[in-house]
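Residue-level listing of the chains:
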Amino acid sequence: MRSLRLIFVTILSLFLTAAPAPAPAPAPASNAEFIHANCEHTLYPEVCYQSLKRYANVVKKDLSRLVQVSIGVSLTRSKLVSPYLENLNRTAQLEPRALAALSDCVSYFSQAEQNMRDSLKQMQQLTGTGEELRYQLDNVLTWIGYARTYQESCTDGFEGEGVSNSDVFGRVEQVKEATSIAIAFVATLVDKAGPVLP
Ligand SMILES: *[C@@H]1O[C@H](CO)[C@@H](O)[C@H](O)[C@H]1NC(C)=O
């Protein structure tokens, strides 16, 4: 768990530096442009826009709603891949080490989904202002960050086991991208909530 924490902090700093805070921009002309503009500040602008534009009229230029939608999309994608991983774990003819990595991955995915649910739940219950709001947003960021860390542990386990070129690796990568996009939006929301109090 301690090493997971370390990986988490490392990964988080990666996203925070890779997704600089957007410069003050003129108000987007349409709901779709709002999503497009925010997607530009993620690591996967094209994937981001293609997967989220259909929610433009739900999001309505509200960053907090965009965060919820993006965590929801990430969770949904994960729940589509999980049964595939579970089935593969039951049936695949693999070397014992690769099979062990796959079994770990099934567990990591399940843990990541729980973290995403926690993150989403906190997001739906942003009741506070000031310091309290900041605390709640930090929870959202922490849990979605943990989810991403568990997903990373899954693919780390695959590497060197001959799984990294496979179909399964690609599917897991798509879930990781969706989660990374959600993290970038949460980080933007945290930025907007103001600096951490001493
Ligand atoms: C993966 O499959 C093995 C062998 O059937 C099983 O023992 C193990 O519990 C499975 N792992 C998970 C996380 O379900």
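See the structure shown above.
None of the values given here were measured: they were computed from a predicted structure.

Peer 1: Honestly, the overall build of the protein chain in this entry has me stumped. Any pointers?
Peer 2: Looking only at helices and strands, the protein chain features eight helices and zero strands. Sequence separation of 24 or more characterises 74% of the internal contacts of the protein chain that already satisfy a separation of 6 or more. For the protein chain, the computed accessible surface area is about 10500 Å², with 54% contributed by carbon and sulfur atoms.

Peer 1: Which parts of the structure should I look at to understand helix H3 (residues 45-52)?
Peer 2: Residue pairs spaced three or four apart in an α-helix point in one direction, given the helix's 3.6 residues per turn. Taken as a whole, H3 has its buried residues at Cys48, Tyr49, Ser51 and Leu52. Considering only its buried residues, H3 is in contact with helix H2 (31-39), helix H4 (56-59), helix H5 (63-91) and helix H8 (167-192).

Peer 1: Quick question: what am I supposed to make of the state of the cysteines here?
Peer 2: Covalently bonding the sulfur atom of one cysteine to the sulfur atom of another cysteine gives a disulfide. A complete count under the given rule lists two disulfides for this structure. With its sulfur 2.0 Å from that of its partner, cysteine 39 forms a disulfide with cysteine 48. Looking down the S-S bond of the cysteine 39 and cysteine 48 bridge, the torsion is -70°, so its handedness is left-handed. By relative accessible area, cysteine 39 is classed as buried at 1%. Between the sulfur atoms of cysteine 105 and its disulfide mate cysteine 154 the distance is 2.0 Å. Across the S-S bond linking cysteine 105 and cysteine 154, the dihedral sits near -70°, which makes this disulfide left-handed. Within this pair, whereas cysteine 105 is found in helix H6 (residues 96-124), its partner cysteine 154 is found in helix H7 (residues 130-158), the two being separated by 49 residues in sequence. Neither residue differs from the other here; cysteine 105 and cysteine 154 are each classed as buried.

Peer 1: Please clarify how unusual backbone geometry should be interpreted in this entry.
Peer 2: Most peptide bonds take the trans configuration, and most residues that are not glycine carry a negative phi. Residue lysine 60 is not a glycine yet carries a positive backbone phi of 50°. Note on placement: lysine 60 falls in the loop between H4 and H5. The backbone of lysine 61 shows a phi angle near 60°, a positive value even though the residue is not glycine. Looking at the secondary structure, you find lysine 61 in the loop between H4 and H5.

Peer 1: I would appreciate a short explanation of the site of the ligand in the present structure.
Peer 2: Taken together, the residues surrounding the ligand are Asn89, Ser103, Val106 and Ser107. Asparagine 89 places a polar side-chain atom, nitrogen or oxygen, 2.4 Å from an oxygen atom of the ligand. Between the ligand and serine 103, the relevant distance is 2.8 Å, taken from a nitrogen atom to a side-chain nitrogen or oxygen of the residue. Isolated, the ligand exposes 360 Å² of accessible area, and the fraction of that covered by the protein chains is 43%.

Peer 1: I'm lost on the side chain of arginine 148 in this one. Help?
Peer 2: Looking at where arginine 148 falls in the secondary structure, it is placed in helix H7. In this structure arginine 148 comes out as buried when scored by relative accessible area, which is 7%. Of note is the side chain of arginine 148, whose polar atom sits 3.3 Å from the backbone oxygen of lysine 176.

Peer 1: How should I be thinking about the nonpolar core in this particular structure?
Peer 2: One recurring pattern in soluble globular proteins: nonpolar side chains tend to sit buried together. Judged by nonpolar contacts, the single largest core of 32 residues is most densely connected at Ile35, Leu52, Leu66, Ile71, Ile144, Phe185 and Val186. Secondary structure elements with two or more residues in this core: H2, H3, H4, H5, H6, H7 and H8. In contact with phenylalanine 185, other than residues within four places in its own chain, are Asn38, Cys39, Thr42, Cys48, Leu52, Leu63, Leu66, Val67 and Ser70. Of all hydrophobic cores here, the second largest spans 13 residues; its members include Ala101, Leu102, Phe158 and Phe169.

Peer 1: Which parts of the structure should I look at to understand empty space enclosed by the protein?
Peer 2: Leftover empty space is mapped by rolling, across the atoms, a probe with the size of a water molecule. A complete count under the given rule lists one cavity of 30 Å³ or more for this structure. Approximately 60 Å³ is the volume found for the largest cavity. Every residue along the wall of the largest cavity is listed here: Val47, Ser51, Leu52, Ser70, Val73, Arg77, Gln174, Glu177, Ala178 and Ile181. At the level of secondary structure, the elements contributing two or more residues to the lining of the largest cavity comprise H3, H5 and H8. For the lining of the largest cavity, the element with the highest residue contribution is H8, accounting for four residues. Grouping the amino acids of the lining of the largest cavity by side-chain chemistry returns five nonpolar, three polar and two charged.

Conventions adopted
- Residues numbered from 1 in each chain as written.
- Predicted model: local features only at pLDDT ≥ 70, side-chain atom pairs only at ≥ 80, totals over all residues.
- Heavy atoms only, no water.
- Helix = DSSP H or I, 4+ residues; strand = E, 2+ residues; numbered from the N terminus.
- Contact = heavy atoms within 4.5 Å.
- Areas by Shrake-Rupley, 256 points an atom, 1.4 Å probe, with all protein chains shown as cover.
- Buried < 20%, exposed > 50% of the residue type's maximum accessible area, 1.4 Å probe, protein only.
- Disulfide = S-S within 2.5 Å.
- Near = heavy atom within 4 Å.
- Polar contact = N/O pair within 3.5 Å; in protein donor to acceptor, adjacent residues only side chain to side chain.
- Core = buried A, V, L, I, M, F, W, Y, C linked by side-chain atoms within 4.5 Å.
- 1 Å grid on protein atoms, 1.4 Å probe; cavity = no way out; pocket = protein on both sides within 12 Å on 5 of 7 lines; lining within 4 Å.
- Points joined across faces, edges and corners; volume = space filled by probe spheres on them.
- Nonpolar A, V, L, I, M, F, W, Y, C, P; charged D, E, K, R; others polar.

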